[in-house]
Amino acid sequence: MSPLGFLKTFVSWCTFRKSEERYIFVCGAPRSGTTLLKAILENHSKACGADYESTVIFGKYDLYRDRTLAHIGLEEETVQSILTNSSDVVSFYDDIAAAVCERKQASVFVDKQPWPPRWYRLWYTTAKFEKAKWVHIVRDGRDCYRSAKKFPYVPQSEDPASFATYWKAQVENHESLIPESQKLTIRYEDLTRSPAAVVREIMDFVGLAYEPKQIKVSSREDYDEGEEGEHSRLQEPISATSVGRWKKELDLEEVIQFNRCAADCLRRFGYMES
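Keep in mind that this is a model prediction, so the values were computed, not measured.

Asks: When you look at the pairing of strand β1 (residues 24–27) in this model, what are you seeing that I'm missing?
Replies: Regular strands show a simple pattern: their side chains alternate between the two faces of the sheet. The alternating pattern of β1 places Ile-24 and Val-26 and Phe-25 and Cys-27 on opposite faces, both of which are buried. Pairing between β1 and strand β3 (residues 108–112): three bridges, direction parallel. By the bridge assignment for β3, Ile-24 is matched with Val-110. Pairing geometry for β1 and strand β4 (residues 133–138), over four bridges, is parallel. Pairing of Ile-24 across the sheet is with Lys-133, part of β4.

Asks: Help me out: how do you make sense of a nonpolar patch on the surface in this one?
Replies: Nonpolar side chains collect at one region of the surface, where Trp-119, Tyr-120 and Trp-123 lie side by side and expose about 380 Å² of accessible area between them. Mapped onto the fold, Tyr-120 is located in helix α5 (residues 119–128). You can call Tyr-120 partly exposed: its relative accessible area is 35%.

Asks: What exactly am I supposed to notice about the side chain of Gln-182 here?
Replies: For Gln-182, the position within the fold is in the loop between α7 (160–177) and β5 (183–187). Look at Gln-182 and you get buried, because its relative accessible area is 7%. Within polar-contact distance, the side chain of Gln-182 engages the backbone oxygen of Ala-132 at 3.0 Å. With residues near it in sequence (within four places) discarded, Gln-182 still touches Thr-126, Phe-129, Glu-130, Lys-131, Ala-132, Lys-133, Trp-134 and Phe-205.

Asks: Help me understand helix α9 (residues 195–206) in this model?
Replies: Within an α-helix, residues lying three or four positions from one another point in the same direction, as the helix has 3.6 residues per turn. The terminal C-alpha atoms of α9 lie 16 Å apart, and with 12 residues this matches the ideal 16 Å at 1.5 Å per residue to within 8%. When α9 is considered as a whole, its buried residues turn out to be Pro-195, Val-198, Val-199, Ile-202, Met-203, Phe-205 and Val-206. The buried residues of α9 occupy an angular sector of 155° when projected down its axis, which confines them to one face. Where α9 is buried, its residues touch β1, α2 (34–42), β4, β5 and α8 (188–193).

Asks: Help me understand the packing of aromatic side chains, please; the structure alone is not making it clear to me.
Replies: In this description, a pair of aromatic rings is defined by centroid distance and the angle of the planes. Tallied over the entire structure, the rule returns 13 aromatic pairs. Plain terms: the ring middles of Phe-25 and Trp-134 are 4.8 Å apart, the flat faces sit at 55° to each other, and that makes the pair tilted. Linking Phe-25 in strand β1 with Trp-134 in strand β4, this pair joins segments that are 109 residues apart in sequence. Of the two residues examined, Phe-25 and Trp-134, each falls in the buried class. Feature note: the residues Tyr-23, Phe-25, Tyr-93, Phe-109, Phe-129 and Trp-134 constitute an aromatic cluster, connected by ring pairs.

Asks: Explain the packing of helix α6 (residues 141–148) against α7 here, please?
Replies: For any two helices packed against each other, the geometry is given by the interaxial angle and the distance between the axes. Contact pair α6 / α7: the axes reach a minimum separation of 10 Å and the direction vectors enclose 125°. By the angle between their directions, the pair α6 and α7 is classed as oblique. For the pair α6 and α7, the crossing hand works out as right-handed. On the side of α6, the interface is formed by Gly-141, Cys-144, Tyr-145 and Ala-148, while α7 contributes Pro-160, Phe-163 and Trp-167. Classifying every residue of the contact of α6 with α7 gives six nonpolar, one polar and no charged.

Asks: Would you mind going over the nonpolar core with me for this structure?
Replies: Generally speaking, soluble globular proteins have nonpolar side chains that are buried together. Formed by 29 residues in total, the largest nonpolar core has its most connected members in Tyr-23, Ile-57, Phe-58, Tyr-93, Ile-96, Phe-109 and Phe-129. Per element, the largest residue contribution to this core is nine residues, and it comes from helix α4 (residues 89–104). Contacts of Tyr-23, omitting those with residues within four sequence positions, involve Tyr-93, Asp-94, Ala-97, Phe-109, Phe-129, Ala-132 and Lys-133. Leu-41, Ile-137, Ile-186 and Tyr-188 belong to the second-largest nonpolar core, a separate cluster that totals 27 residues.

Asks: Is there a simple way to think about the environment of Thr-55 in this case?
Replies: By the secondary structure assignment, Thr-55 is in the loop between β2 (47–49) and α3 (76–85). For the pair Thr-55 and Gln-113, spaced 58 residues apart in the sequence, the C-alpha separation amounts to 8.2 Å. A polar atom in the side chain of Thr-55 sits 2.7 Å from the side chain of Asp-111.

Calculation criteria
Residues numbered from 1 in each chain as written. Predicted model: local features only at pLDDT ≥ 70, side-chain atom pairs only at ≥ 80, totals over all residues. Heavy atoms only, no water. Buried < 20%, exposed > 50% of the residue type's maximum accessible area, 1.4 Å probe, protein only. Helix = DSSP H or I, 4+ residues; strand = E, 2+ residues; numbered from the N terminus. Pairing = 2+ DSSP bridges. Patch = residues over 30% accessible without salt bridge, like charges linked within 9 Å, V, L, I, M, F, W, Y side chains within 5 Å. Areas by Shrake-Rupley, 256 points an atom, 1.4 Å probe, with all protein chains shown as cover. Salt bridge = Lys/Arg side-chain N within 4 Å of Asp/Glu carboxyl O. Polar contact = N/O pair within 3.5 Å; in protein donor to acceptor, adjacent residues only side chain to side chain. Contact = heavy atoms within 4.5 Å. Expected span 1.5 Å × (residues − 1). Arc of directions from axis to C-beta. Phe/Tyr/Trp six-rings, centres within 6.5 Å; stacked < 30°, edge-to-face > 60°. Axes fitted to C-alpha atoms, helices over the stretch in contact; angles between N-to-C directions. Parallel < 35°, antiparallel > 145°, perpendicular 65-115°, else oblique. Left-handed = near helix turned anticlockwise from the far one by under 90°. Nonpolar A, V, L, I, M, F, W, Y, C, P; charged D, E, K, R; others polar. Core = buried A, V, L, I, M, F, W, Y, C linked by side-chain atoms within 4.5 Å.

Encoded structure:
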């Protein structure tokens, strides 16, 4: 980061401004179904999101580099104009969201919080967006680990103990730092087994009417498989076929190590008996 870029970014984050917008933020540990959930939400007729799965605005240190804004889905000139005219990161985010909503003819902006969400970034975002709604999706950490092992971009998946510690920290941070009045926690397993019922609950929480098209495969056609194939199942009907696959795909020692590090969190969400 250049010294000037660092200074501009530091000043832009040091603001008393709070957003008045009612955004929907999706959050969760890696391989928990966050991208699927965001796709379901933004396929509502009144909702939209950036072209990429996350704006990553609150996951970057330097807003003043073009490549950090490459996947928002707006013309570079538009992004740079907004950046130039924004006094801080909150107004910048509001203006970016408004521009995306205008382009996509929607009224509610949906974003996925990038991981790893350092606790201070999560704290900052919740403090600055008090009217936002957060949907936290939790998945059995052993299935998250089983899935993450296939993708090198999740470095914590190198061994079960590291991933278990990381998974537990992410789940607990989201549960403790997001105010209860702004948060709905759902389980991936429930979403995949009863998608219509769970999405109805989510839409009631965020204040929008449920639309059956939200859970249709055709509504997710804008999502590709990802560079490593990490989103390949987005092109399939929502199903619980991947639930519990850790029982067959992890060896006993991996399970023992994972449970040793995260048993209390697994029990909290019904993944282990007391």
